[in-house]
Protein chains: 2
Amino acid sequence: MSKVLAALEAALGDAVATDEASLRAHRRDYWSRSELTDWLGESASLPLAVVTPTSTAEMAEAVRICRAHDTAMITRGGGSGVCGGVLAGRDQVVLSTRGLSGLEQLDEHDLLATFGAGTMGADAENAVAAAGYTIGNWPQSIALSTVGGWVATRASGQYSTAYGNTEDLIYDLEAVLPDGSIFRSRPTPRAAAGPDLRQLLLGSEGTLGVVTRVTFSLRPQAEHGIRQAFHFEDFATGIEAMRQVIRPGWRPPVVRLYDARESRRHFRDTCPKGRAMLIFLHEGPRALAEAEAAAVAVICRELGGEPADRQTVDDWFAHRNTVPSWRELFEQGLVVDTIEVATDWRRLNDLYEATLARFEAVPGLVAASAHSSHAYRSGANLYFTFAAAPGRDGMLSAYDACWQGAMEAAAELGAGIAHHHGIGRVRRAWMATEVGAPGVELLRRVKQALDPDGLMNPGVLLPDS
Amino acid sequence: MSKVLAALEAALGDAVATDEASLRAHRRDYWSRSELTDWLGESASLPLAVVTPTSTAEMAEAVRICRAHDTAMITRGGGSGVCGGVLAGRDQVVLSTRGLSGLEQLDEHDLLATFGAGTMGADAENAVAAAGYTIGNWPQSIALSTVGGWVATRASGQYSTAYGNTEDLIYDLEAVLPDGSIFRSRPTPRAAAGPDLRQLLLGSEGTLGVVTRVTFSLRPQAEHGIRQAFHFEDFATGIEAMRQVIRPGWRPPVVRLYDARESRRHFRDTCPKGRAMLIFLHEGPRALAEAEAAAVAVICRELGGEPADRQTVDDWFAHRNTVPSWRELFEQGLVVDTIEVATDWRRLNDLYEATLARFEAVPGLVAASAHSSHAYRSGANLYFTFAAAPGRDGMLSAYDACWQGAMEAAAELGAGIAHHHGIGRVRRAWMATEVGAPGVELLRRVKQALDPDGLMNPGVLLPDS
């Protein structure tokens, strides 16, 4: 047995698992490409151990032991990441946050809820919902992802247009830094006390520390909600409707535009062929929700939007997190993935068309489509889905070609390469197009300063030097 | 003439000033303590030169030359900082951003406006206002501060409760890093592409780079605005009214509660003695502003709030940025400063009382008061003003004692030590109470990684090791 394993077991006992089932279950996340190589039968290496500390002190101890033994640490939450942010190699140790789980404190006066970082998103939301509150973060992965994973990847939820993304929802954070020290940000609603150090952990994808505790600033559940939808001549007109809704200051939690293909896929019975469906949820005090719904309806109608059947919208809410597994799709001969990017309003439709054109040039492509689900004053995201059926031998290369096409289209238009899934392994070669060579160097220096031996989740985020 | 000066003059010519008037005018900011020591006659050292580059490339060149000559660089914008963030010593070079000035681009479709970092806040706001837009950042210093200074200090404006603080208003940033490279963040509405590197510059106070260009995501000027105010039994009831307004989701741009002393100072004719005045501005589409104003009035009345005269509120808006200069106050024998802190709703009134008690224990104190001007879901800020008349010889020690009292009160209650003025020199000894020893070490490592020789604004932000 290796020395690091002996030291971990001596210090942490039952928190250390080395059985093959545990190693296999924790070695990676839900990256489509990892699933595909597994499915194709590529023999995958297993990590040395999975450590599941049940306290921050234990997590810090695990980090210190791994560091002392020059052993790489791969932090894993729910494993729902789709960018290859978790892919443990031989001789590496997986640090699972799942032992740091549950609601630690709920302060109804101050709207604060503190969770262990390994709490599943749905469990966290349910815990505060029982008392009449909401975290307001509704990623499609809510049942599969942890609140610490939301921080580590800068996750976004379906209600982000009103409620913001993870960085807007957190109040304070605790994390074990690469040197084993425990950082806790000041619990305060806002500070001008140097750079916001929480931001080094938000999006760090396990490279700069292990998030161990998360406090959210909650909202009371809305007094009133109104759902409505409109279908538009085309995607570009739908984008223009989104822009005109956001511009004067309306903030519906859900503003979600499906292109014609996805509209037909989701709303076959109610959305005419070739038209783009735009869904809204208005929420808040009744007077606010009603004023917003009325104003939004006027904007949409002026752009030719036709009101859609209410049942349609309810159906979307009921089934919005239901998706087939990668494996079900592989079995049908399909290699599939999603890619989210973002840009300003002006370039959004160009980015939509350029990216689809790139997909369509890939041999074996059978479907490509997009929706926009997160709107801001100056732009929005696009969330593409591609599917190719190039035959078993062509699946990996089709996958890589679709990603390359999407990343190049974003780079050529000056768009952001990642809206909310993160970088992981799948995007890291394009980091310099996102933040420039000076930005990559900046991140590299910060990484070197905090983790000089490169032991925290090596192989993600930063491109090869 | 020193070698660095010769090199700067050879490269940058007229951008380099060494006349005494320039050196004197740029050597410090508007920290009350610096003003006081000047007024008391302490002979102040002057920097070596003031360099005012007129392009980012020139700024980068200046940084590289200073670095090559191991010369400290003190970045200065409008000089309106009140924490001693700018205080240039002998042999140091002041880098003024004021040559990087003006609106470079206004995109009305995407609500984007790009400015040189040295653009004065009021000039920036006026430039977009002329086309019907607003940046939405209204610090009291708006006529005296630069947009780059807003970034470097994490400034907040009077309308922050709806529109957010500087970090919520920026779209992308450009900065010269300590190594002379030029970082530009990706212009995109939102990203999950590693840690948000802009956040290293937000609040960096000149220690991690020189912000050279700022793009804001604008808002159209509001269709409708409604002003109203209420006076309350006491400060604690006013705080409760603020909390109950924010809680269900209302977001008036201005939510501003004056304690009884400040209410009498500002609204002598309309606010009964001993009562706390709470001012609101509701803005946006007319239906939204009207719904919000009506709901807020109900909340305030239920808590015993009595509507104040409308003229009162208009007077506040007309005169809100009028303050006497430190020097006028010194001449009256008064040493005066303001201190802003923040905490959750639960502790806000305790922090108010504890801090006032600390001030009142300082010999010579003649006045202490506070207001709250920035509200969040889980808490708000407090903005204290103290005035002491301890005689000329006691002014410095009274000043230091008031600051020490306020910082200790915040630390004892676990409150945030700085809401929006920054750390500079006046708060740096308390940084460990804000972010803990691991947070200070984290910041120190980042600083060391980016600026290994410690040449960018030494002496601020970080406590002595």
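Residues numbered from 1 in each chain as written. Chains lettered and ligands numbered in written order. Predicted model: local features only at pLDDT ≥ 70, side-chain atom pairs only at ≥ 80, totals over all residues. Heavy atoms only, no water.

**Describing the relation of the copies chain A and chain B**
Rotating chain A by 180 degrees about the axis while translating it 0.0 Å along that axis superimposes it on chain B, leaving an RMSD of 0.0 Å. The transformation just described matches what one would write down for a two-fold rotation axis. Mapped onto chain B, 99% of the interface residues of chain A are again interface residues, and the two copies thus contact each other with one and the same surface. (Least-squares fit on C-alpha atoms with pLDDT ≥ 70 in both. Contact = heavy atoms within 4.5 Å.)

**Observations regarding the domain arrangement of chain A**
All names here are of chain A. Taken domain by domain, chain A holds domain 1 (3-96), domain 2 (103-220), domain 3 (224-319) and domain 4 (326-423). The straight-line distance from the C-alpha centre of domain 2 to that of domain 3 is 29 Å. Contact residues are listed per partner, giving 6 residues for domain 2 and 10 residues for domain 3. Looking only at domain 2, the three residues that lose the most surface to domain 3 are Gln158, Tyr159 and Thr161, adding up to 73% of its buried area. At the surface where domain 2 touches domain 3, the tally comes to 0 salt bridges. At the junction of domain 2 with domain 3, the criterion picks out 2 residue pairs in polar contact (both at pLDDT 80 or more). (Domains from an automatic or database assignment. Buried area = accessible area lost by both parts, 1.4 Å probe. Salt bridge = Lys/Arg side-chain N within 4 Å of Asp/Glu carboxyl O. Polar contact = N/O pair within 3.5 Å; in protein donor to acceptor, adjacent residues only side chain to side chain.)

**So, helix 4 (residues 56-68) of chain B**
A rise of 1.5 Å per residue sets the reference length of helix 4 of chain B, with its 13 residues, at 18 Å; its end C-alpha atoms lie 18 Å apart and thus fit the reference within 8%. Trailing helix 4 of chain B by a residue or two, Asp70 of chain B shows a phi angle of about 55 degrees, which is positive. (Helix = DSSP H or I, 4+ residues; strand = E, 2+ residues; numbered from the N terminus. Expected span 1.5 Å × (residues − 1).)

**What to know about the interface of chain A and chain B**
Each partner contributes to the interface: chain A provides 88 residues, whereas chain B provides 87 residues. Overall, the association of chain A and chain B removes approximately 7,200 Å² of surface from exposure, summing both partners, and the carbon and sulfur fraction of that is 55%. Counting the surface chain A buries against chain B, the share from its top three residues, Arg186, Arg190 and Arg377 of chain A, is 13%. The dominant element in the side of chain A that touches chain B, judged by the number of residues it contributes, is helix 17 (residues 431-450) of chain A, at 12 residues.

**Looking at the pairing of strand 8 (residues 170-176) of chain B**
All names here are of chain B. Judged by how many residues are buried, strand 8 sits mostly within the fold: 7 of 7 residues are covered. For strand 8 and strand 9 (residues 182-184), the ladder comprises 3 bridges, and the chain directions are antiparallel. Paired with Glu174 across the bridge in strand 9 is Arg184. Counted between consecutive antiparallel strands, the loop separating strand 8 from strand 9 contains 5 residues, among which Gly180 sits at a positive phi close to 90 degrees. (Buried < 20%, exposed > 50% of the residue type's maximum accessible area, 1.4 Å probe, protein only. Pairing = 2+ DSSP bridges.)

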